[in-house]
Amino acid sequence: MKIVIAGAGSIGCYCGGLLAHAGHDVTLLGRPRILDPIGDKGLTVTDFSGLDRHVAAQNLTLTEDASCLATAEAVIVTVKTSATAEITDRITQYTPITAPVLSWQNGIGNARMLRETLPDHDVRAGMVPFNVVPTDPACFHRATSGEIVIQNGPGALGQRLSSPDLPVIESDNIDAVQWGKLVINLNNALNALSGLTLKKQLLDRNWRRLMADQMTEALAVLRAVGHPVASTTPLPAWMTPYVLRLPTPIFTRIAARMLTIDPNARTSMAYDLMAGRLTEIDSLQGEIIRLGMQSGVATPICTKVRALIEQAPEIALSPDQVKP
């Protein structure tokens with residue numbers, strides 16, 4: 001397939017590299033800061049299990065020009081939420097109606113925005129469960145486990161996109177899957193505020209208790225508004241807060257069966273906060289806060305966390321400093 005990755009950041013480059021390695025004709029639509037090093041030395045993708053794939057620059061199309069969308073047979077949107085409106089305009093302008101548009105983005109509203117603006121396109125939500133970090137210019141490392149899930153539909157897209165290195169499965173219940181991912185992704189902000197790697201954060205019971213309290217708050221909001229939540233781990237969503245509160249030796253034994261985390265992994269929001277970039281806090285904690293206001297359910301933890309992220313503290317905080 002001729003695939004355009006619309007927004008070639010960490011997730012886009014990692015997935016695009018593996019799609020190209022699997023034989024697809026991949027175009028990375030992005031910014032020179034990301035694309036120029038790839039043009040110089042090709043694209044390398046690695047992961048926690050030892051995966052190491054290199055795609056030569058000549059086997060990719062690298063461009064800032066959105067007119068590349070005109071020849072796409074599929075578009076995978078991987079921009080940050082704040083850039084969704086802009087990329088939607090470009091897709092509207094150039095992309096053939098026959099090309100499916102897949103949102104592989106955090107948050108809930110991106111696919112909805114794409115559908116509203118592209119009513120004649122096959123627009124599908126997706127969920128990328130893993131974390132990808134740049135380890136060098138033109139090198140992107142997957143630091144956590146999980147399989148990509150996309151909304152079910154015609155054309156066997158999941159099967160066509162899937163490869164041994166990048167499994168893609170389809171779901172009839174993508175809204176619940178996305179809400180489940182959002183609840184887990186609420187920890188992105190806590191990890192950013194902690195200054196810790198994900199692994200060190202998860203080994204700290206005080207941080208886990210705060211994670212659990214924040215999840216419980218979010219699940220209460222989603223239950224009040226009637227949004228089903230599908231877990232992105234083998235545990236049911238309602239059980240995860242209980243597991244997080246367990247003593248560390250018991251927690252680590254259970255967690256090891258559900259999730260693999262690179263020792264150096266941090267969330268994307270941690271990198272955004274350190275770099276002074278705009279974060280996706282409004283599409284994560286902000287979404288729960290808005291729903292809480294609609295349903296009359298208090299959201300003190302999400303409210304405090306959003307305020308702290310917006311303040312962009314220069315020092316790492318303790319769980320007690322984050323609690324409302």
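Residues numbered from 1 in each chain as written. Predicted model: local features only at pLDDT ≥ 70, side-chain atom pairs only at ≥ 80, totals over all residues. Heavy atoms only, no water.

Summed over the entire model, instances satisfying the criterion amount to 2 aromatic pairs. Measuring from centroid to centroid gives 5.7 Å for tyrosine 14 and phenylalanine 130, while their planes differ by 65°, and the two rings are edge-to-face. You can see tyrosine 14 sitting in helix H1 (residues 10-21) and its partner phenylalanine 130 sitting in the loop between strand E8 (123-127) and strand E9 (132-136), a full 116 residues away along the chain. Classification of tyrosine 14 by relative accessible area gives buried; the value is 0%. Relative to tyrosine 242, the ring of tryptophan 238 lies with its centre 6.3 Å away and its plane at 75°, an arrangement referred to as edge-to-face. Here tryptophan 238 and tyrosine 242 have matching classes, each one exposed. It is arginine 208 that lies over the ring of phenylalanine 251; its NZ or CZ is 4.4 Å from the centre. (Phe/Tyr/Trp six-rings, centres within 6.5 Å; stacked < 30°, edge-to-face > 60°. Helix = DSSP H or I, 4+ residues; strand = E, 2+ residues; numbered from the N terminus. Buried < 20%, exposed > 50% of the residue type's maximum accessible area, 1.4 Å probe, protein only. Lys NZ or Arg CZ within 6 Å of the ring centre and 35° of its normal.)

Turning next to the packing of helix H6 (residues 174-185) against helix H9 (residues 205-225). Direction vectors running N to C along H6 and H9 enclose 150°, while the axes themselves pass 9 Å from each other. By the criterion of interaxial angle, the relationship of H6 to H9 is roughly antiparallel. Handedness of the H6/H9 crossing: right-handed. Of H9, the residues touching H6 (which contributes Trp179, Val183 and Ile184) are Met215, Ala218, Leu219 and Leu222. Class assignment of the residues belonging to the contact of H6 with H9 gives a composition of 7 nonpolar, no polar and no charged. (Axes fitted to C-alpha atoms, helices over the stretch in contact; angles between N-to-C directions. Parallel < 35°, antiparallel > 145°, perpendicular 65-115°, else oblique. Left-handed = near helix turned anticlockwise from the far one by under 90°. Contact = heavy atoms within 4.5 Å. Nonpolar A, V, L, I, M, F, W, Y, C, P; charged D, E, K, R; others polar.)

Here the focus is the pairing of E9. On a regular strand, one side chain projects to one face of the sheet and the next to the other, so that they alternate. Sheet topology places E9 next to strand E10 (residues 139-142); 4 bridges connect them, and they run antiparallel. In the strand pairing of E10, aspartate 136 is matched with cysteine 139. Following E9, the chain reverses through 2 residues before pairing antiparallel with E10; alanine 138 in that reversal takes a positive phi of roughly 70°. (Pairing = 2+ DSSP bridges.)

Moving on: the nonpolar core. With 44 residues, the main nonpolar core has Ile288, Val305, Ile309 and Val322 as its most contacted residues. The element that contributes the greatest number of residues to this core is H9, accounting for 9 residues. What isoleucine 288 contacts, discounting residues up to four positions off in sequence, is Leu182, Leu186, Ala218, Val221, Leu222, Thr299 and Cys302. (Core = buried A, V, L, I, M, F, W, Y, C linked by side-chain atoms within 4.5 Å.)

Taken together, the side chains of Asp36, Asp40, Glu64 and Asp65 define an acidic patch exposed on the protein surface. Tracing the backbone shows aspartate 36 in helix H2 (residues 32-41). Exposure remark for aspartate 36: the relative accessible area of 47% places this residue in the partly exposed category. (Patch = residues over 30% accessible without salt bridge, like charges linked within 9 Å, V, L, I, M, F, W, Y side chains within 5 Å. Areas by Shrake-Rupley, 256 points an atom, 1.4 Å probe, with all protein chains shown as cover. Salt bridge = Lys/Arg side-chain N within 4 Å of Asp/Glu carboxyl O. Lys, Arg positive; Asp, Glu negative; His and termini not counted. Charge placed at Lys NZ, Arg CZ, Asp CG, Glu CD.)

Attention now goes to the pattern of salt bridges. Under the criterion given, the structure shown has 9 salt bridges. A salt bridge links arginine 306 to aspartate 282; its shortest N-O distance comes to 3.3 Å. Taken together, the residues arginine 306 in helix H14 (residues 300-311) and aspartate 282 in the loop between helix H12 (268-275) and helix H13 (285-295) connect sequence positions 24 residues apart. Classification of arginine 306 as partly exposed rests on a relative accessible area of 22%. A single salt-bridge network, built from bridges that share partners, covers Asp282, Glu287, Arg290 and Arg306.

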